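# Close look at the chain arrangement
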Amino acid sequence: MNTIIITGAGAGIGRATAQLFLDTGWNVGLIGRRADTLEDTAGGHANALVLPCDVTDETAVDQAFDQVVAKWGRIDTLFNNAGVSVFGARPDEISVADWRRCIDINLTGSFICGRAAFARMRAQDPQGGRIINNGSISAHVPRWGSAPYTASKHAITGLTRSFSLDGRPFNIACGQIDIGNALTEMVQTMTTGMPQADGTIKSEAVMDVKHVANSVMHMASLPLDANVQFMTVMATTMPFIGRG
């Protein structure tokens, strides 16, 4: 039975993805800040391990990953999904505290979890595994007023490329999924109106979050001699091609 760790598993994309993997029979380590939301995601599955953890705390992350190895023997996949949004303000209106929080969770947290996975995948026998980073359409083009978030997601692409290259000698694959307008709690406002680059407010197309979960499943289910390096899955008519 394969084992995956999913960060940000208490809600949204993380919850939908975790529930699909659980229903498909994977062992799933659920990382998030709140035990109660992780328990809701787990839904009583015997093959779920709830791991309340702040992804910016490297000691807590190492302990969580060690619990997974102790329980199931290895880590096959990490879905590096935890993140926060900072939208809707010009650069001079964004506090440095908000910038640091976004970068710390989205980028540093992804590095800390990726680092933990890499070390254990390198050490386990058989050696290897897969790391899937959650990017964004903002890894390609910005939204208006999104400097911290866009910077963090552009940086995730660099992190993905580096982990992919550095993992080659150890049979560790790394890929990135760039997601656009999956309908979760965080995206509900897009159905009523989002600021556009021309100053207007418009509703945007969304898609069912299950398409993201299915896409992550496809990436995770490949043999390690094949890799989806980058995948974009998005609501077909959302602003991206020609954004701005």
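The structure this text deals with has already been given above.
Let us look at the structure shown here. (Residues numbered from 1 in each chain as written. Predicted model: local features only at pLDDT ≥ 70, side-chain atom pairs only at ≥ 80, totals over all residues. Heavy atoms only, no water.)

### Observations concerning helix 2 (residues 35–42)
In plain terms, the rule: The buried label applies to any residue whose accessible area, calculated with a 1.4 Å probe on protein chains only, is under 20% of its type's maximum; exposed applies above 50%, and partly exposed to all values in between. Helix numbering and strand numbering both begin at the N terminus, where a helix is a DSSP run of H or I of at least 4 residues and a strand a DSSP run of E of at least 2. This arc is built from the directions going out from the helix axis to the C-beta atoms. A contact between two residues is defined here by any heavy atoms of the two lying within 4.5 Å.
Residues of helix 2 that are buried: Thr 37, Leu 38, Thr 41 and Ala 42. Angularly, the buried residues of helix 2 cover 145° about the axis, an arc narrow enough to put them on a single face. Against helix 1 (12–23), strand 2 (27–32) and strand 3 (48–52) lie the buried residues of helix 2. Gly 43, located one to two residues past helix 2, shows a positive phi value of around 55°.

### Examining the packing of helix 3 (residues 58–72) against helix 4 (residues 96–123)
Formally: Interaxial angles span 0 to 180 degrees and are taken between N-to-C directions of axes, which are lines fitted to C-alpha atoms, for helices over the stretch in contact. Angle categories: roughly parallel below 35 degrees, roughly antiparallel above 145, roughly perpendicular from 65 to 115, and oblique for all the rest. Helix crossings fall into two classes, left-handed where the near helix is turned counterclockwise from the far one by less than a right angle and right-handed where it is turned clockwise. Following the grouping adopted for this structure description, the nonpolar residues are Ala, Val, Leu, Ile, Met, Phe, Trp, Tyr, Cys and Pro, the charged ones are Asp, Glu, Lys and Arg, and the polar ones are all others, Gly among them.
Taken N-terminus to C-terminus, the directions of helix 3 and helix 4 make an angle of 40°; their axes are 10 Å apart at the nearest point. With respect to helix 4, the element helix 3 is oriented oblique. In terms of crossing hand, the pair formed by helix 3 and helix 4 is right-handed. Across the interface between the two elements, Glu 58, Val 61, Asp 62, Phe 65, Asp 66 and Val 69 of helix 3 pack against Ile 112, Cys 113, Arg 115, Ala 116, Ala 117 and Arg 120 of helix 4. Tallied by class, the residues present in the contact of helix 3 with helix 4 amount to seven nonpolar, no polar and five charged.

### Thoughts on the nonpolar core
Note the following rule: Working definition of a nonpolar core: buried Ala, Val, Leu, Ile, Met, Phe, Trp, Tyr and Cys residues. They are joined through side-chain atoms within 4.5 Å.
Counting 34 residues, the largest nonpolar core has Ile 5, Ile 31, Val 61, Phe 65, Val 68, Leu 78 and Ile 131 as its most contacted members. For this core, the leading source of residues is helix 4, giving eight residues. If sequence neighbours within four positions are ignored, Ile 31 has contacts with Ile 5, Ile 6, Thr 7, Gly 8, Ala 9, Leu 38, Leu 51, Cys 53, Val 55, Ala 64 and Phe 65. Listed in part, the 33 residues of the second largest apolar core include Leu 30, Ile 132, Val 212 and Val 228.

### Observations regarding the packing of aromatic side chains
The following threshold applies: Aromatic rings from Phe, Tyr and Trp, with only the six-membered ring used for Trp, were paired whenever their centres fell within 6.5 Å, and each pair was classed as stacked if the ring planes differed by under 30 degrees, edge-to-face if by over 60, and tilted otherwise.
Per the counting criterion, the structure on display carries four aromatic pairs. Pairwise contacts between aromatic rings join Phe 111, Phe 118, Phe 163 and Phe 170 into one cluster.

### Regarding the side chain of Asn 47
Inclusion rule: Nitrogen and oxygen atoms within 3.5 Å of one another constitute a polar contact, given that in protein one can donate a hydrogen and the other can accept it, and given that sequence-neighbouring residues count only through two side-chain atoms.
Mapped onto the fold, Asn 47 is located in the loop between helix 2 and strand 3. On the basis of relative accessibility, which here comes to 13%, the residue Asn 47 falls in the buried class. Reaching out from Asn 47, the side chain makes a polar contact with the backbone oxygen of Trp 26 at a distance of 2.3 Å. For Asn 47, the residues in contact, after removing those within four places along its chain, are Leu 22, Gly 25, Trp 26, Asn 27, Val 28 and Trp 72.

### Observations regarding the pattern of salt bridges
Here is the rule: Salt bridges, as used here, are contacts in which a Lys or Arg side-chain nitrogen is within 4 Å of a carboxyl oxygen on Asp or Glu.
Under the defined criterion, the tally for this structure stands at four salt bridges. Among the ionic pairs, Arg 34 bridges to Asp 36, the shortest N-O distance being 2.7 Å. According to the relative accessible area criterion, Arg 34 is partly exposed, its value standing at 49%. Residue Asp 62 is joined to Arg 120 by a salt bridge in which the shortest nitrogen-to-oxygen separation is 3.3 Å. In this pair, Asp 62 sits in helix 3 while Arg 120 sits in helix 4, placing the two residues 58 residues apart along the sequence. Taking the relative accessible area as the measure of exposure, Asp 62 reaches 25% and is therefore partly exposed. According to the relative accessible area criterion, Arg 120 is buried, its value standing at 16%.

### Quick look at the packing of helix 1 against helix 6 (residues 210–221)
Each pair of packed helices can be described by the angle between their axes along with the distance between the axes. It is at 9 Å that the axes of helix 1 and helix 6 come closest, and there the two elements cross at 55°. One finds that helix 1 runs oblique with respect to helix 6. For the pair helix 1 and helix 6, the crossing hand works out as right-handed. Packed against helix 1, whose contacting residues are Ile 13, Ala 16, Thr 17, Leu 20 and Phe 21, the element helix 6 presents Val 212, Ala 213, Asn 214, Val 216, Met 217 and Ala 220 at the interface. For the contact of helix 1 with helix 6, the class distribution of residues is nine nonpolar, two polar and no charged.

### Description of the environment of Lys 202
Secondary-structure assignment places Lys 202 in strand 9 (residues 201–202). Distance from Lys 202 to Pro 142, taken between C-alpha atoms, is 16 Å for residues 60 residues apart in sequence.

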